[in-house]
Amino acid sequence: MSVIAVGSFGDDEIFPVLAAPTCKCEDSEKMISIFMLIRDRWKETGAEEKLGPIFSFATDGDSTRRAAGHRLFLKTELSMTSKLYGTLSHMQGLNLATGEGEITLDFDYKHIFKRWCTLLCNRKGMKLVNGHTVNRAVLARYLSWLPDQDETSILKLLNPDDPQDVPHAIELMQAIITLSKNEFDTTTMSVGECADIAAIKILGAVLESILLPFIDVTLSLHQQIAHLSRYAHLTFTFFRLHRSAFMPHVLYYDSQTMVKNACFCVAKQQKLDRSQKFWLIQTGDDRLEKLFGITWMRGQHNSAMNYSQALDRIGAAKDIDTVFKKHPDLESGSQRLKITHVEGLDHIRCDLWVGDVVASHCDLPSAWKDGRDKALTVLTDAHVSAVCYAFNEFFLQDGCDLMRPWGENKYLGITSDIDGHGIESSVNSASGLPILSESILVAGPTSVEEETELDEDRPWD
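Let us look at the structure shown here.

About the thresholds
- Residues numbered from 1 in each chain as written.
- Predicted model: local features only at pLDDT ≥ 70, side-chain atom pairs only at ≥ 80, totals over all residues.
- Heavy atoms only, no water.
- Pairing = 2+ DSSP bridges.
- Helix = DSSP H or I, 4+ residues; strand = E, 2+ residues; numbered from the N terminus.
- Phe/Tyr/Trp six-rings, centres within 6.5 Å; stacked < 30°, edge-to-face > 60°.
- Buried < 20%, exposed > 50% of the residue type's maximum accessible area, 1.4 Å probe, protein only.
- Lys NZ or Arg CZ within 6 Å of the ring centre and 35° of its normal.
- Expected span 1.5 Å × (residues − 1).
- Contact = heavy atoms within 4.5 Å.
- Polar contact = N/O pair within 3.5 Å; in protein donor to acceptor, adjacent residues only side chain to side chain.
- Axes fitted to C-alpha atoms, helices over the stretch in contact; angles between N-to-C directions.
- Parallel < 35°, antiparallel > 145°, perpendicular 65-115°, else oblique.
- Left-handed = near helix turned anticlockwise from the far one by under 90°.
- Nonpolar A, V, L, I, M, F, W, Y, C, P; charged D, E, K, R; others polar.
- Core = buried A, V, L, I, M, F, W, Y, C linked by side-chain atoms within 4.5 Å.

## Points about the pairing of strand 2 (residues 14–20)
Relative to strand 2, strand 1 (residues 2–8) is paired through six bridges, and the arrangement is antiparallel. By the bridge assignment, A5 is partnered in strand 2 with P16. Joining the antiparallel neighbours strand 1 and strand 2 is a turn of five residues, in which G10 adopts a positive phi near 95 degrees.

What follows is the structure, encoded as structure tokens:
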């Protein structure tokens, strides 16, 4: 079953607008028609005039939905006559491809956290500075140097019982960040240990750049964008160096898309109403996932339901969710978890954010440059060759930007095909790929979320 919902930036409420009896066997054209139906009806019904234009369309990273979003929302380059162009064109390396109505694709940041956790816990690991590999064994060895970690806690960190556990993923990322910031006496360390620590410091900088914008409630919007810029430039550098040996193509594509969408959404909010606050934590499809959680609760976690029952449960879940939004003290899950504990980081709300997130207070090109400069500092300190981060030269190449590291207007991660060298094939944005997608639309001060297959790995009647 596919569910599409609309949510508003600045408001935690979410409103399901479509529930289609689909399954994982639909071809791309059928799924694309659903997305286009919602996009077109948004205008035809007058919703755009009353609620605002669609900002973005978010998904959780399913391969068919990724291909769909790519096909629909990376069709054309941002026009020079666009109100956004004057701002975004000054952010070197930022991909400017959008869909009709300047709609952008987005991927949920919590899913990206979980996939980073999966990568970190992998035996193969990832290549970083000087081609040195950091894998689960390396992390297990050096995490033991932290005073609050022992063999049992490290084993739990690197062998999660539930790969969907967001707080666990955050806890692992934070542990690595803490380790990377420790001061080490390299005079007593072997050459191998020095190389390991140098790689871990780079890894810590990458993880910090993508994690803090969504969990550090003291950050301003300017600082959040700067962190995301640092992440985008660091991953671009190491992906060009090591390709899939650094990180999977799809994770690279999804996380770079997430960074791009954040910048676009801030720019759109600034043109719409600069005086309003903009919370990055409202990007992605998390609100819809929470609604699904209530839906499963209504069925006492019984996954077997028919289409009619699913509609009834979604309606009831929406009523319950509305009550929770108006009376958050009734939602035991959020109240039980304190923000000072890692578990609470999965329940951060807009009203808990204390940093300055007023849209007009964020100079996007300046924040972008700050992040790039910080990335250059990290790379310089790590003694990475300057030719590996010659951003000015790279981005002058035809069709090269942070989402297209090899230029030639080719994107990675859109297909699971593998070329003769064992590397995922690139896909040209104009290739007319078929599409399947599970996404969330985000509009004006409003955002729309969509999840395809509410029955994720669950049987239906």
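## Topic: the packing of aromatic side chains
Under the defined criterion, the tally for this structure stands at 17 aromatic pairs. For the pair F113 and F214, a centre-to-centre distance of 6.0 Å together with 70 degrees between the ring planes defines the contact as edge-to-face. Placement of F113 in helix 5 (residues 109–120) and of F214 in helix 9 (residues 191–215) is noted, with a sequence separation of 101 residues between them. According to the relative accessible area criterion, F113 is buried, its value standing at 1%. Judged by centre distance (6.0 Å) and plane angle (55 degrees), the ring pair of F236 and F394 falls under tilted. With F236 in helix 10 (residues 221–242) and F394 in helix 16 (residues 391–394), this residue pair connects regions lying 158 residues apart in the sequence. Site record: aromatic cluster; members linked through ring pairs are F236, F391, F394 and F395. Between the NZ or CZ atom of R243 and the centre of the ring of W406, over which it lies, the distance is 4.4 Å.

## Here's the deal with helix 8 (residues 166–181)
With 16 residues, helix 8 extends 23 Å between its outermost C-alpha atoms, agreeing within 8% with the 22 Å of an ideal straight helix rising 1.5 Å per residue. Of all the 16 residues making up helix 8, 12 are buried; the element is thus mostly covered by neighbouring parts of the structure. Where helix 8 is concerned, the buried positions are V166, P167, H168, A169, I170, L172, M173, A175, I176, I177, L179 and S180. In the core, the buried residues of helix 8 are packed alongside helix 5, helix 6 (136–143), helix 7 (151–158) and helix 9. Where helix 8 begins, the capping side chain belongs to D165, and its oxygen is found 3.2 Å from the backbone nitrogen of H168.

## Overview of the packing of helix 1 (residues 28–44) against helix 3 (residues 63–73)
Relative placement of two packed helices is described by the angle separating their axes and the distance separating the axes. Taken N-terminus to C-terminus, the directions of helix 1 and helix 3 make an angle of 50 degrees; their axes are 10 Å apart at the nearest point. One way to sum up the angle between helix 1 and helix 3 is to call them oblique. As for how helix 1 packs across helix 3, the hand of that crossing is right-handed. For the pair helix 1 and helix 3, contact is made by E29, I32, F35, M36 and R39 and by A68, R71 and L72, respectively. Partitioned by chemical class, the residues of the contact of helix 1 with helix 3 number five nonpolar, no polar and three charged.

## Let's talk about helix 13 (residues 307–326)
Over its 20 residues, helix 13 runs 29 Å from end to end, which matches the ideal 28 Å to within 8%, given 1.5 Å per residue. Taken residue by residue, helix 13 has A310, R313, I314, A316, A317, K318, D321, T322 and F324 as its buried positions. Buried residues in helix 13 make contact with strand 1, strand 2 and helix 12 (286–298). Between the side-chain oxygen at the start of helix 13 and the backbone nitrogen of S308 there is a gap of 3.2 Å, and the oxygen is on N306.

## Quick notes on the nonpolar core
With 127 residues, the main nonpolar core has L88, W116, L120, L172, L203 and M247 as its most contacted residues. For this core, the leading source of residues is helix 9, giving 13 residues. The residues touching M247, leaving out its near neighbours within four places in the chain, are W116, L119, Y231, T235, F239, Y252 and S255. L288, F292, I294 and F324 belong to the second largest nonpolar core, which has 14 residues in total.

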